[in-house]
Amino acid sequence: MPWLWTSYENPQLHMPNTNNALEGVFTDIKTKLRVHSGITRMRRMALIQEYIARHY
């Protein structure tokens, strides 16, 4: 509970008050994994790591 209003009480942190951006990233990764549904677990992890490295 003490962290609940952190984004409002500390505007200098520039913290978003929603998780919409994060949900968008997860949706994009899930879509890419769904297209490549036959890949192995190791290649799936490599795809996620590469996606994060290129975009963030």
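Residues numbered from 1 in each chain as written. Predicted model: local features only at pLDDT ≥ 70, side-chain atom pairs only at ≥ 80, totals over all residues. Heavy atoms only, no water.

A. Looking closely at the overall build of the chain. In terms of helices and strands, the chain carries three helices and zero strands. Listing the helices and strands of the chain from first to last along the sequence gives α-α-α. Relative to its length of 56 residues, the chain is extended, with a C-alpha radius of gyration of 16 Å against a globular reference of 10 Å. For the chain, the proportion of its 56 residues judged to be buried stands at 11%. Working note: accessible area of the chain is about 5,200 Å², and carbon and sulfur atoms make up 61% of it. Taking the average location of the 7 positive side-chain charges in the chain and that of its 4 negative ones, the two points are 15 Å from each other. (Helix = DSSP H or I, 4+ residues; strand = E, 2+ residues; numbered from the N terminus. Rg over C-alpha atoms; globule rule 2.2 N^0.38 Å. Buried < 20%, exposed > 50% of the residue type's maximum accessible area, 1.4 Å probe, protein only. Areas by Shrake-Rupley, 256 points an atom, 1.4 Å probe, with all protein chains shown as cover. Lys, Arg positive; Asp, Glu negative; His and termini not counted. Charge placed at Lys NZ, Arg CZ, Asp CG, Glu CD.)

B. Quick look at the confidence of the model for the chain. When pLDDT is averaged along the chain, the result is 91, and 100% of the positions lie at 70 or above. Element-level mean pLDDT values for the chain span from 86 in helix H1 (residues 6-9) up to 95 in helix H3 (residues 41-55). (pLDDT = per-residue confidence, 0-100.)

C. How the structure looks around the pattern of salt bridges. Tallied over the entire structure, the rule returns two salt bridges. Put simply, lysine 32 and aspartate 28 hold a salt bridge, and the shortest N to O gap is 3.5 Å. Within this pair, lysine 32 and its partner aspartate 28 are both found in helix H2 (residues 20-35), separated by four residues, close to a single helical turn. (Salt bridge = Lys/Arg side-chain N within 4 Å of Asp/Glu carboxyl O.)

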